[in-house]
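Per-entry structural report
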Amino acid sequence: MMNFNLELPTHLFFGKEQHLQIGNLIPVNAKILMTYGGGSIKKNGVYQNIRAALKNHQVTEFGGIEANPEYSTLCKALEIIKTEKIDFLLAVGGGSVIDGTKFLSSAALFQGEDPWEILDKGIRTETGMPFGVVLTLPATGSEMNSGAVISRKEIGQKRAMGGPGLFPKFSISDPSVVASLPQRQLANGLVDAFTHVMEQYMTYPTSATLQDRISEGILTTLIEIAPKVMDAPDDYNTAANFMWCCNMALNGIIQKGVPNDWSIHGIGHELTAAYGIDHARTLAIVLPSMYRYKINQKQEKLAQYGRRVLGLSGDDLSIASEAIDRTEAFFNSLGIGTKITDYNIDKPQEFPAKICDAMEAQRAIILGEHKDIKRDDVFNVLNMAI
Ligand code: NZQ
Ligand code: ZN
């Protein structure tokens, strides 16, 4: 097993009515900026609950953070942080609101001229403005980790950032919110979490036996609960297992001591930047083609997944191949298309070159657990996904 450091400083409050804790978690003299998205929190009662729980606190609001949080919107929130002398942030929403708030946490204390440098130059955030999270959408794991992804439409980019200063101080994760999610977001959450596990697991065999078994446990659970999540999102125990799987998939535990891939996410972010396709759906487009393209290199691990998670039998290569087909069928069963042509984009034949050009404009393409996925490979994988 490889050496690793693990620090999980976020205090997680998981379960029903956990928002009632929030008044005790934020200093009473704090000047809070509460951030949220397009308004779903006002329809499902989360907004009213949080405002009531913070009735003794001084709260300024900033709504309108969009899916794939947009830099120009966040710059407006940054102005408010400065003029109102805000010293605590509270993100109430899904991955986009949480990620946008992580950017604000970093940018509020950033000493440079232009906060875009944090993303453009990959500056790690060692210290950020303290913030807490109220999660409304299980998917990204952003409620427990220190990463964020920010979009900037005017230059067609979606860039990642992170650092030890960006762990939430606390995370309120009440599975009851799953009941209010539309089918599209339920399916997205399942596929995003599933792919997070795959990016940390589907590499090559190592001696990290426990990490493999935890990953396989999350994958098995996601497959098992998926139909129920879609059919009965108001079933509390199903929702709780869903939310905990999403958290465990990207809270840092399963990535430690093992090789990581993350090529599917790297390419997926470019598909969102270029075409606005939902994050999880970009992963569903790239994953089957990537694994078919890499079947020889990933064969042993694909076969292990096929045997242990999908219950397949046979020789390694035939299990590996069937495991990819079954994974694609799983995504399709959730109503998620796995080809770019499922997404109604202009000139699909041109998309592989367009995506490769966009990636190369930012940095040389070097992806995968062996750092051997280069431009030609990305081009070939995307051609397989048309
Ligand atoms: O904006 P509102 O009105 O809140 O509506 C949102 C949004 O339209 C809605 N929604 C959220 N909770 C709801 C709800 N609707 C009804 N009931 C609720 N309880 O869902 C829509 C999508 O929300 P969004 O936050 O965009 O979804 P998600 O959580 O999937 O986040 C996606 C973003 O996270 C990034 C993605 O790239 C993308 O930008 N990721 C962040 C990661 C991280 N920080 O670790 C890792 C991921 O791989 C991912 O890259
Ligand atoms: Zn993801």
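Thresholds, definitions, all that
Residues numbered from 1 in each chain as written. Chains lettered and ligands numbered in written order. Predicted model: local features only at pLDDT ≥ 70, side-chain atom pairs only at ≥ 80, totals over all residues. Heavy atoms only, no water. Near = heavy atom within 4 Å. Polar contact = N/O pair within 3.5 Å; in protein donor to acceptor, adjacent residues only side chain to side chain. Areas by Shrake-Rupley, 256 points an atom, 1.4 Å probe, with all protein chains shown as cover. Helix = DSSP H or I, 4+ residues; strand = E, 2+ residues; numbered from the N terminus. Nonpolar A, V, L, I, M, F, W, Y, C, P; charged D, E, K, R; others polar. Domains from an automatic or database assignment. Pairing = 2+ DSSP bridges. Axes fitted to C-alpha atoms, helices over the stretch in contact; angles between N-to-C directions. Contact = heavy atoms within 4.5 Å. Salt bridge = Lys/Arg side-chain N within 4 Å of Asp/Glu carboxyl O. Buried < 20%, exposed > 50% of the residue type's maximum accessible area, 1.4 Å probe, protein only.

1. Some points on the site of ligand 1
What surrounds ligand 1 is a group of 33 residues, the closest being Gly38, Ser40, Gly95, Ser96 and Lys158. Here a nitrogen atom of ligand 1 sits 2.8 Å away from a polar atom, N or O, in the side chain of Asp99. Bound to the protein, ligand 1 loses 87% of the 960 Å² it would expose on its own. For the shell around ligand 1, the secondary structure elements donating two or more residues are α5 (95-108), β6 (147-152), α7 (183-201) and α10 (263-275). Taken together, the residues of the shell around ligand 1 sort by class into ten nonpolar, 20 polar and three charged. When residues of the shell around ligand 1 are sorted by domain, at least three fall in each of domain 1 (11-176) and domain 2 (183-384).

2. Digging into the sheet that holds strand β2 (residues 31-36)
Taking strand neighbours across the sheet as the criterion, the six strands line up as β1-β8-β5-β4-β2-β3 in an open arrangement whose pairing is parallel. The two strands at the open ends of the sheet, each matched to only one other strand, are β1 (11-14) and β3 (58-62). Looking at each pair of strands side by side, their axes are set apart by 20° on average, direction ignored. In this sheet, strand β4 (residues 88-93) lies alongside β2 in parallel orientation, the contact comprising five bridges. By the bridge assignment for β4, Met34 is matched with Leu90. On the sheet, helix α4 (residues 71-83) packs against β2, β3 and β4 and is oriented at approximately 155° with respect to β3. Across the sheet, helix α9 (residues 236-249) lies against β1, β5 (131-135) and β8 (170-173), angled at about 165° from β1, the strand it touches most.

3. Observations concerning the pattern of salt bridges
Here the structure, examined in full by the defined rule, presents 20 salt bridges. Here Asp278 and Arg184 are joined by a salt bridge, their closest N and O atoms 2.7 Å apart. Here Asp278, found in the loop between α10 and α11 (279-293), pairs with Arg184, found in helix α7; they are 94 residues apart in sequence, far enough to count as distant. Of the residues examined, Asp278 reaches a relative accessible area of 15% and is grouped as buried. A salt bridge links Arg213 to Glu216; its shortest N-O distance comes to 3.9 Å. With Arg213 and Glu216 both in helix α8 (residues 209-231) and three residues apart, this pair spans about one turn of that helix. Owing to a relative accessible area of 47%, Arg213 belongs among the partly exposed residues under this scheme.

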